[in-house]
Amino acid sequence: MDLTYTPEEEEFRAGLRDWLAKVLPGLPAKPSPADWPGRRAYDLGWQRRLHDAGYAGLHWPLDAGGRGATPTQHLIFLEETERAGAPYVGANFVGLLHAGPTIAAEGTAEQRARWLPPVLRGEEVWCQGFSEPGAGSDLASLRTRAVRDGDDYVVTGSKIWTSHAEVADWCELLVRTDPGAPKHRGISWLAMPMDTPGVTVRPLRTLAGSTEFAEVFLDEVRVPVTHRVGAENDGWRVTMVTLSFERGTAFVGEVVACRRTLGELARAAKANGRWDDPVLRRRLGRLHGEFGALWRLTQWNVSESERSGGVPGAGGSVFKLAYSHARQELYDTAAEVLGSASLSLEEEWTLDRLSSLSYTIAAGTSQIQRTIVAERILGLPKGR
């Protein structure tokens, strides 16, 4: 693992810091969390600023519209934007961190030219149509069918926990194209326009009161065969590429955010007298060590990704597993430090704490991650 930065990388960091210092004070006010059209416009506006300044899709290949930067430069970008308090990807999450990188790695030249530039320019939003009511952690058991009819697939079924479906233009959709094949085969990865006839979106309200997820119902939706990424029935392999990005690099910026949050908690504890509790101080110190280790693990994963052509490996599951539980403990500690102030639904702390509960489920449950680590990294035999 290379933990040093080259002079070129430090020059990149300095230029990014200068740009952030100039542009951030001029951003409009953030819309209400419940205003999804407003949030979409705000997030796309920020993405457009990144694009115009040359910071969009930094580590994407040049022929995919990116800058061709190294994964380390991308890590620096995430670190500096989070430290500066810049907007997160928001509604652009799936397009920038999941679907886009997958299309860049697996799509044809025509598909890359059609779908990637609008994501980078802040013109189109993607959602993720993977999970189903009867196939959550066992994603390969999905039942949504796609039947070939000439130049189209006719898709029927439903999806759940579809991120940002309310405001999405496209959906990365997993479908079963060969119901007679073993469950990990016979799956295809499609790009589906969300305005296609037969698509119905029903928002889901989370514990925190937000509606970033939805149910999506598909009633004989016609999707062109040319919208399939990868070969027919090879969608599980393509999905593993998507999930490697989701688990390996998509949470990187959040580690930086958690380290900043930890510093805020320490200052709050000193201000309200909780710092005198040695047990709390030890807990904060241990969390400081855990998030520091997670940052080093992130650097290791990025180094491995750089050597393997840009696609994260199974080490992303180690990161996802450790990060999910550390984040939950961080916000449990926040409740202890802040007391009753952390219980109000008007407080951002409360929303973050409620959100943290989902991290051991989202992007593959902790049990799934343990299985991946056991079988693919430790070489243990498969369980029965």
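In what follows, the structure referred to is the one given above.
In this report, the structure presented in the accompanying data block is examined. Quantities reported herein were computed from a predicted structural model and do not represent experimental measurements.

Of the regular secondary structure elements, the chain holds 11 helices and 8 strands. Residues counted as buried form 51% of the 384 residues belonging to the chain. Considering only residue pairs separated by 6 or more positions, the chain has 72% of its internal contacts joining residues 24 or more positions apart. Put simply, the chain shows about 17700 Å² of open surface, and 53% of that area lies on carbon and sulfur atoms.

Let's shift gears to the packing of aromatic side chains. According to the stated counting rule, one finds 9 aromatic pairs in the structure shown. Geometrically, the ring pair formed by Tyr88 and Phe93 is tilted, given 6.4 Å between the ring centres and 50 degrees between the ring planes. Overall, the relative accessible area of 31% leaves Tyr88 in the partly exposed class. Using a relative accessible area of 17% as the deciding quantity, one classes Phe93 as buried. Site record: aromatic cluster; members linked through ring pairs are Phe12, Trp19, Trp46, Tyr55 and Phe77.

For the rest of this paragraph, the subject is the pattern of salt bridges. According to the stated counting rule, one finds 24 salt bridges in the structure shown. A salt bridge links Glu329 to Arg283, with the shortest nitrogen-to-oxygen separation between them at 3.5 Å. Residue Glu329 is found in helix α9 (residues 315-338), and its partner Arg283 is found in helix α8 (residues 278-307); the two are separated by 46 residues along the sequence. A relative accessible area of 18% means that Glu329 is categorised as buried. For Arg283, a relative accessible area of 22% corresponds to the partly exposed category.

Between helix α4 (residues 93-106) and helix α5 (residues 109-120), the least distance of the axes is 10 Å, while the angle of their chain directions is 155 degrees. Relative to α5, α4 is oriented roughly antiparallel. For the pair α4 and α5, the crossing hand works out as left-handed. Here Gly95, Leu96, Gly100, Ile103, Ala104 and Ala105 of α4 lie close against α5, whose contacting residues are Gln111, Arg112, Trp115, Leu116, Val119 and Leu120.

As for its position among the elements, Glu82 is in helix α3 (residues 71-83). Other than its neighbours up to four places away in sequence, Glu82 contacts Gly253, Val256, Ala257 and Arg260.

So, about the nonpolar core. In this structure, Ile103, Trp115, Trp126, Leu174 and Trp189 are the most contacted members of the largest nonpolar core, which totals 28 residues. At the level of elements, α4, α5, β4 (170-176), β5 (187-193) and α6 (235-248) are the ones that each hand at least two residues to this core. Sort the elements by how many residues they give to this core and α4 lands first, with 7 residues. Counting residues in hydrophobic clusters, the runner-up holds 24 residues, among them Val125, Tyr153, Cys171 and Met194.

To continue, consider the environment of His227. Position of His227 among the secondary structure elements: in the loop between β7 (213-224) and β8 (228-229). With relative accessibility at 14%, the residue His227 sits in the buried group. Taking C-alpha positions, His227 is 9.9 Å from Glu172, a pair spaced 55 residues apart along the chain. When neighbours within four sequence positions are excluded, His227 is seen to be in contact with Gln111, Trp115, Trp170, Trp189, Leu190, Ala191 and Pro193.

Definitions and cut-offs
Residues numbered from 1 in each chain as written. Predicted model: local features only at pLDDT ≥ 70, side-chain atom pairs only at ≥ 80, totals over all residues. Heavy atoms only, no water. Helix = DSSP H or I, 4+ residues; strand = E, 2+ residues; numbered from the N terminus. Buried < 20%, exposed > 50% of the residue type's maximum accessible area, 1.4 Å probe, protein only. Contact = heavy atoms within 4.5 Å. Areas by Shrake-Rupley, 256 points an atom, 1.4 Å probe, with all protein chains shown as cover. Phe/Tyr/Trp six-rings, centres within 6.5 Å; stacked < 30°, edge-to-face > 60°. Salt bridge = Lys/Arg side-chain N within 4 Å of Asp/Glu carboxyl O. Axes fitted to C-alpha atoms, helices over the stretch in contact; angles between N-to-C directions. Parallel < 35°, antiparallel > 145°, perpendicular 65-115°, else oblique. Left-handed = near helix turned anticlockwise from the far one by under 90°. Core = buried A, V, L, I, M, F, W, Y, C linked by side-chain atoms within 4.5 Å.

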